[in-house]
Amino acid sequence: MREIVEAERVYEALKAFQVDTAYYHSLGALAGWDQRTYIPHKGHAHRARQFAALARLLHARRTDPRIGEWLDALEGSDLVADPESPEAANVREWRREYERAVRVPHDLAVALAQAQSEGESAWESLREADDWIGFKPYLKRVLDLQRRYAEAVGYETEPYDALLEDYEPGERATRLQTMFAELGRATRELLDRILSSPIQPPVEVLHRDYPLEAQRQVAHEVTGLLGYDLEGGRIDPTAHPFELSVGPGDVRITTRYQPRYFNASFFGSVHEAGHAMYEQGLPAEHWGTPMGQAVSMGVHESQSRMWENLVGRSRGFWLFYFPKLQPRFAALADVNLEDFHRAVNAVGPSLIRVEADEVTYNLHIQIRFELELALFRGELEVDDLPEAWNAKYRAYLGITPPNYKDGVMQDVHWSSGMFGYFPSYTLGNVYAAQLFDAAGRDLGDLEEAFARGAFAPLLEWLRERVHRNGRRFLPRRLIERATGAKPNVKSLTRYLAARFGKLYNI
Ligand code: ZN
């Protein structure tokens, strides 16, 4: 009995410390939102110094030796005997975070932070100028540091696994290789059939005049209808859309309004609202601890991609929403539901990942994953990257980038050292399809519900099976518990074949 009381006392001390760290971190998040939305141009230098000071404070707290002592006292105690209890899950995750933080030598952490921010700002101007030669030294530097980071945090057999752990805890490169190979084969087979179909979706209707104020109203209306609580959120315009969680009751998104392109703000808003609904569904009583946090980037992306694609591009959704949308835009006066639905689901190989359709998207990710894996296995070096990139685009998508900026330099991720992040996008699609299948088994015909405007049952199902669990389970376990199967590509390949088979009459 005395031991349990003692463990509880230690747990409360550790928890109070970690929750305070989370408050500091969330103030930084708020400053980050401001930096990406409304900060005056002259304010950037001071904001950068604020972030540097905050980073020093957070690093000191995350590596505070008291955390190690508290964890030593808790591990093995009766308080954490049940591995699925909130206490055990928090202790497990705090240990993981602490070990990773203390294994990185201070000078490496400082060098990484500097190389990442320099790499990203260099990328912005050098990409614009299509200057690969100028960009190469930045990329080499950040890759070299990330290789050292992988050695510092450790791995079993594959350096890449050390990076994956930051985004998708428990995931392994060899498993991803198998997943991408299977998904890639099915995708290319489906793509060939689509490309030989005589059906040409009338994508021109999406590039007409869409007045910005009406787009703004639609973005607010549609995200609200799907379940994004705007009383605890807001939508602001930015060049690069994102979702940002300040804390319970304050989960924000941004979107990009383009006067002559419907998809950018509409599907962008729905995507970010999907991220936001996950954050809004996390258990507020656990805020500041792992139990109150999203479990992984892949699971986060499963929520955004589900609302954007499986819901937002479904026929059921448009049966409900097209009659509401059409009267708002003169551009849609002569467009019927069938044509509009085909247009928002148009498929075709393209160079740019962020503009890719649902079918080809995972091929873009497969290319990046295979190149990253080769870089971290030492089978590929930066000098040979453009050639390797172009060869894969030819092999998988049948197209060759005419320059660097729409080829190897198109993504911000590598410039800022985010190797290991890309697989999250495809894992998101894989998880989304599995979760959607499982929800359909429990709830009945989801598209029929969407056609009536009933989105709450799906959101409630996700709250119960995914959101409310925070980090109680590792991602693979969470998906298995929610869907009855380990992560696998079957639901996704079946879903893609069914939806696009119908749209393209193949
Ligand atoms: Zn996303």
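Quick note: structure is the one above.
Residues numbered from 1 in each chain as written. Predicted model: local features only at pLDDT ≥ 70, side-chain atom pairs only at ≥ 80, totals over all residues. Heavy atoms only, no water.

1. Topic: the overall build of the protein chain
Item 1. Secondary structure summary: the protein chain contains 20 helices and three strands in total.
Item 2. Taken along its principal axes, the extent of the C-alpha atoms in the protein chain is 75 × 55 × 50 Å.
Item 3. For the protein chain, contacts bridging at least 24 residues in sequence account for 73% of all contacts bridging at least 6.
Item 4. Summed over all atoms, the accessible surface of the protein chain reaches about 22100 Å², with 51% contributed by carbon and sulfur.
Item 5. Positive and negative charge centroids in the protein chain, built from 60 and 73 side chains respectively, lie 1 Å apart. (Helix = DSSP H or I, 4+ residues; strand = E, 2+ residues; numbered from the N terminus. Contact = heavy atoms within 4.5 Å. Areas by Shrake-Rupley, 256 points an atom, 1.4 Å probe, with all protein chains shown as cover. Lys, Arg positive; Asp, Glu negative; His and termini not counted. Charge placed at Lys NZ, Arg CZ, Asp CG, Glu CD.)

2. Side note on the packing of helix 11 (residues 297-311) against helix 16 (residues 423-443)
How two helices sit against one another is set out by the angle between their axes and by the gap between those axes.
Item 1. Across the interface, helix 11 lies against helix 16 with an axial gap of 7 Å and an inter-helix angle of 60°. Between helix 11 and helix 16, the angle is such that the two are oblique. Crossing hand, helix 11 versus helix 16: right-handed. Counting all contacts with helix 11, which are made through M297, G298, V299, E301, S302, Q303, R305, M306, L310 and V311, the residues of helix 16 involved are S424, Y425, L427, G428, N429, Y431, A432, A433, L435 and F436.
Item 2. Of the residues belonging to the contact of helix 11 with helix 16, the class tally is 12 nonpolar, six polar and two charged. (Axes fitted to C-alpha atoms, helices over the stretch in contact; angles between N-to-C directions. Parallel < 35°, antiparallel > 145°, perpendicular 65-115°, else oblique. Left-handed = near helix turned anticlockwise from the far one by under 90°. Nonpolar A, V, L, I, M, F, W, Y, C, P; charged D, E, K, R; others polar.)

3. Details of the environment of H364
Item 1. Looking at the element boundaries, H364 is found in helix 14 (residues 358-376).
Item 2. Owing to a relative accessible area of 0%, H364 belongs among the buried residues under this scheme.
Item 3. Put simply, H364 and S416 are 52 residues apart on the chain and 19 Å apart in space, counted from C-alpha to C-alpha.
Item 4. With near-sequence residues (within four places) excluded, H364 lies in contact with S350, L351, I352, R353, A356, Y393 and L397. (Buried < 20%, exposed > 50% of the residue type's maximum accessible area, 1.4 Å probe, protein only.)

4. Brief notes about the sheet that holds strand 3 (residues 250-255)
Item 1. Here we have three strands laid out as an open sheet, ordered 1-3-2, and mixed in their pairing. A strand with exactly one partner marks an edge of an open sheet, and here the two such strands are strand 1 (235-237) and strand 2 (243-247). Neighbour-to-neighbour, the strand axes of this sheet turn through a mean angle of 25°, independent of strand direction.
Item 2. Across the face of the sheet, helix 10 (residues 262-281) comes into contact with strand 2 and strand 3 while running at roughly 165° to strand 3. (Pairing = 2+ DSSP bridges.)

5. Here's the deal with the environment of V142
Item 1. Checked against the element boundaries, V142 lands in helix 6 (residues 132-153).
Item 2. Looking at V142, the relative accessible area reads 0%, which means it is buried.
Item 3. On a C-alpha basis, the gap between V142 and A115 in space is 5.9 Å, while along the polypeptide they are 27 residues apart.
Item 4. Discounting chain neighbours no more than four positions away, the residues touching V142 are A115, Q116, W414, S415, S416, G417 and F419.

6. Some words on the pairing of strand 2
Item 1. By the criterion of burial, strand 2 is predominantly enclosed, with four of the five residues buried.
Item 2. Two elements, strand 2 and strand 3, share four bridges in a ladder whose sense is antiparallel. Bridging from a neighbouring strand, S245 pairs with V251 of strand 3.
Item 3. The hairpin formed by strand 2 and strand 3 contains two residues between the paired strands, and G249 there has a positive phi angle of roughly 85°.

7. Section: unusual backbone geometry
Item 1. Here D130, not a glycine, exhibits a phi torsion of approximately 60°, which is positive.
Item 2. Assignment of secondary structure puts D130 in the loop between helix 5 (106-128) and helix 6.
Item 3. Here the phi dihedral of N505 falls at roughly 50°; this positive angle occurs in a residue that is not glycine.
Item 4. Tracing the sequence through the fold places N505 in the segment after helix 20 (490-503).

8. Some details on the coordination of the zinc ion
Item 1. Taken together, the protein donors to the zinc ion comprise H271 (NE2), H275 (NE2) and E301 (OE), at separations of 2.1 to 2.4 Å.
Item 2. Expressed as a motif, the donor residue spacing for the zinc ion is H-x3-H-x25-E. Within this pair, whereas H271 is found in helix 10, its partner E301 is found in helix 11, the two being separated by 30 residues in sequence. Of the two residues, H271 and E301, both sit in the buried class. (Donors = N, O, S within 2.8 Å, 3.2 Å for Na, K, Ca; no water.)

9. Points about helix 6
Item 1. For helix 6, spanning 22 residues, the distance from its first C-alpha to its last is 30 Å, which sits close to the expected 32 Å at 1.5 Å a residue.
Item 2. Residues W132, F135, K136, L139, V142, L143, L145, Q146, Y149, A150 and V153 constitute the buried set of helix 6.
Item 3. After helix 6 finishes, the residue G154 shows a positive phi value of roughly 90°. (Expected span 1.5 Å × (residues − 1).)

10. Here we look at the pattern of salt bridges
Side-chain pairs of opposite charge can arise where the charged atoms are in close proximity.
Item 1. This model, assessed by the stated rule, comprises 43 salt bridges.
Item 2. Notably, a salt bridge pairs E308 with R313, separated by 3.1 Å at the nearest N-O pair. Per residue, the accessibility class of E308 equals that of R313, and both read buried.
Item 3. The closest approach of N and O atoms between E448 and R452, which form a salt bridge, is 3.0 Å. (Salt bridge = Lys/Arg side-chain N within 4 Å of Asp/Glu carboxyl O.)

11. Brief notes about the nonpolar core
Item 1. One finds F266, W307, V311, W318, F340 and L458 to be the most contacted residues of the largest nonpolar core, which totals 130 residues.
Item 2. The greatest single-element share of this core, amounting to 11 residues, is contributed by helix 14.
Item 3. Beyond its immediate sequence surroundings of up to four residues, W318 is in contact with F262, F266, F267, G312, R313, P323, L325, L337, F340, H341 and V344. (Core = buried A, V, L, I, M, F, W, Y, C linked by side-chain atoms within 4.5 Å.)

12. Details of the side chain of E165
Item 1. Looking at the secondary structure, you find E165 in helix 7 (residues 159-167).
Item 2. In this structure the side chain of E165 is engaged in a polar contact, spanning 3.1 Å, whose partner is the backbone nitrogen of G170.
Item 3. Not counting residues up to four positions away in its chain, the partners in contact with E165 are R96, R100, G170 and R172. (Polar contact = N/O pair within 3.5 Å; in protein donor to acceptor, adjacent residues only side chain to side chain.)

13. Some words on the side chain of E93
Item 1. Along the polypeptide, E93 turns up in helix 4 (residues 86-103).
Item 2. On the basis of relative accessibility, which here comes to 2%, the residue E93 falls in the buried class.
Item 3. Residues in contact with E93, not counting those within four places in the same chain, are P290, R471 and L474.

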